[in-house]
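Here is what each chain is made of, one letter per residue.
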Amino acid sequence: MVTFLGIHLPLISVVAVALVFSLADWGTVLLILAVLLAATLIGTACTLLVLYDLLAPILAASRALRDYRQSGRLPVLPLDFDDEAGTLMRDTDSTIRELDELVRKLTDLDAESGLPNRNRLRQLIDDQLAARKRIAVVCLLVQNRSEIDYFFDVPTGRELLAAFVERLRDEPSVLEVGRVAPGIIKFSMPLQERSDLEDALSALSERLSRPLTSGDYAFYPRLLLGVARPPEDGARADALMSAAMTATKNAEPDAESNVLFYSAESQRSARRLFEMDQEIRTAIETGQFELHYQPIVEFDRRRVVSAEALIRWRHPERGLIPPNSFIPLAEGAGLIIPLGQWILETACRQAAEMGRSLVETPRLSINMSARQFSDPDLLSTLDRAVEAAGIAHDALKFEITETVVVTDLKQARRTIAALKERGIAVVLDDFGAEHSNLRYIANIDFDEMKIDRQFVSHIDADSRLKAICTSILTLAEGLGVPVVAEGVERREELDTLHRLGCRQFQGYLFSRPIPAGQFPDAVRTLVTEIADPGFAMAPSR
């Protein structure tokens, strides 16, 4: 209207003045003005109609964009125009769809793995449940996921993760899958009877646990699977996903199966584990941990040559707690480094105290986790602890498992070389219990090997165990490495292993782990007893 008045009012005024001065008949003047006004109005209306047609795509785009911003629905823009407006619409439509795809990725996908994230997976599982599909929800926990961060660089870690995700996606029984956190993947699969479901997941776990390799590196996933089933464990995705995660909290360290089903007891156990996590932190701060030492005997010479340091937790309410009840929790909570530092410092101090009480002080053997062994501050922490205690480095041994070696062979060799330069012996612990990859054994200069207790128990009555231990002893002899048999509890086991060529032993037959303050007296007593030609101790010792 403003535009109309601005353009046409001056024109009509000029025409009106001209008519008034040129015509004396007012009727004629009014008629001409009326025709002029009508023509102007009609012309303006036509112009507005044309402008409306021209602006229609832009107005439609504006409405569509407003709706997209409010509802998230992709706009349907008019793309059938051949002029500049059509070009604008097509460019706008393409840009919005690219932006929508980017937003969808940021909102729905896990950036590292490319899998749906927690929110998107919850929607997908809810859709399955709404469609009345019979599914179970599984939480797949990679227990040693942190090893990737500690041992591998970022590109290698991503390559290993991508390979694992591809392996999982190739499984036909896996329906919807998503990554909800580092090391935690959840997925749905067809619901079956409990026993059938457990068998299927055990087989799946075995396939997924095959080593992932990248160049010279190998990663061996250790998996735990928690299972939730509707409707008893929940009717919605949120409840089922939470229940599956809770089931993994109920894992026993030495359990035969790594497939765990949710139950009310799972919930209570998860709560207890959370409380214990908090208590571990308090225990470190308040000095509730202590070290016990189990002697290692060189039987032919009837002497104690070393002792393994074993941590115990003297809880103010629950009494003495064994390490397998809290070490996995400490590793998962990121507390193994400060706990390991305490063990090292305490063992060094107690080694100095034993040296003042014993004529021949056994070397103290300290277990090192994979995370501790990869800690860049390990050597400096070791040097400070040794110096503060006033002992020599060669008063110590470090026990490591094959997992430490196979994860990063080059780094393991560098660390072991630095330890051996300082005079610290490096022991390969639990040989035969894990991967037993001879390539790694050949590339690492170990000072000692320990046969895992599972090959020692009742070896006198099992020909297969005799064959396994014979092979290990023959290998060690060829490498020039002494062997310690762990878990010797019966005289028959000692005699059998001794005939096979083993010379060093550790186990309840000789002694249980002994508190540090009692260790010197216990060692003197033990040496006297094993010096007796008729030595034979009861397993209850």
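You'll find the structure just up there.
Criteria and cut-off values
Residues numbered from 1 in each chain as written. Predicted model: local features only at pLDDT ≥ 70, side-chain atom pairs only at ≥ 80, totals over all residues. Heavy atoms only, no water. Core = buried A, V, L, I, M, F, W, Y, C linked by side-chain atoms within 4.5 Å. Buried < 20%, exposed > 50% of the residue type's maximum accessible area, 1.4 Å probe, protein only. Helix = DSSP H or I, 4+ residues; strand = E, 2+ residues; numbered from the N terminus. Contact = heavy atoms within 4.5 Å. 1 Å grid on protein atoms, 1.4 Å probe; cavity = no way out; pocket = protein on both sides within 12 Å on 5 of 7 lines; lining within 4 Å. Points joined across faces, edges and corners; volume = space filled by probe spheres on them. Expected span 1.5 Å × (residues − 1). Polar contact = N/O pair within 3.5 Å; in protein donor to acceptor, adjacent residues only side chain to side chain. Phe/Tyr/Trp six-rings, centres within 6.5 Å; stacked < 30°, edge-to-face > 60°.

*Asks:* Would you explain the nonpolar core in this entry?
*Replies:* One broad trend across soluble globular proteins is that nonpolar side chains are buried collectively. Counting 80 residues, the largest nonpolar core has Y293, L396, F398, I400, L497, F505 and F510 as the members making the most contacts within it. Here this core gets nine residues from one element, more than from any other, and that element is helix 11 (residues 336-355). Residues within four places of I400 in sequence aside, it is in contact with M368, F373, V405, I416, V426, V427, L428, D429 and F446. Counting 29 residues, the second largest nonpolar core, distinct from the first, contains A136, M189, L212 and V259.

*Asks:* Explain empty space enclosed by the protein here, please?
*Replies:* The method is simple in principle: a probe with the dimensions of a water molecule rolls over the atoms, and the space it marks as empty is what remains. Scanning the entire structure with this criterion turns up two cavities of 30 Å³ or more. Considered as a void within the structure, the largest cavity measures approximately 120 Å³ in volume. Around the largest cavity, the lining residues are V142, R145, I148, L160, L161, F164, R179, G183, I184, I185, L212 and F219. Here the lining of the largest cavity gets three residues from one element, more than from any other, and that element is helix 6 (residues 154-169).

*Asks:* Which parts of the structure should I look at to understand helix 4 (residues 118-130)?
*Replies:* Since one α-helical turn is 3.6 residues long, residues separated by three or four positions face the same way. Compared with the 18 Å implied by 1.5 Å per residue over 13 residues, the 18 Å span of helix 4 between its first and last C-alpha is a close match. Within helix 4 the residues assigned to the buried category are L121, L124, I125, D126, Q128 and L129. Two or three places before N119, at the start of helix 4, stands the capping residue N117, its side-chain oxygen 3.3 Å from that residue's backbone nitrogen. A positive phi of about 60° marks R132, the residue just after helix 4.

*Asks:* I would appreciate a short explanation of the packing of aromatic side chains in the present structure.
*Replies:* Geometry of an aromatic ring pair is reported as the spacing of the ring centres plus the angle between the planes. According to the stated counting rule, one finds eight aromatic pairs in the structure shown. For the pair F289 and W342, a centre-to-centre distance of 6.4 Å together with 55° between the ring planes defines the contact as tilted. Note that F289 is positioned in strand 8 (residues 289-298) and W342 in helix 11, a separation of 53 residues in sequence. For F289, a relative accessible area of 7% gives the class buried. Judged by relative accessible area, which is 24%, W342 ranks as partly exposed. Centre to centre, the rings of F505 and F510 are 6.5 Å apart; their planes meet at 25°, and the pair counts as stacked.

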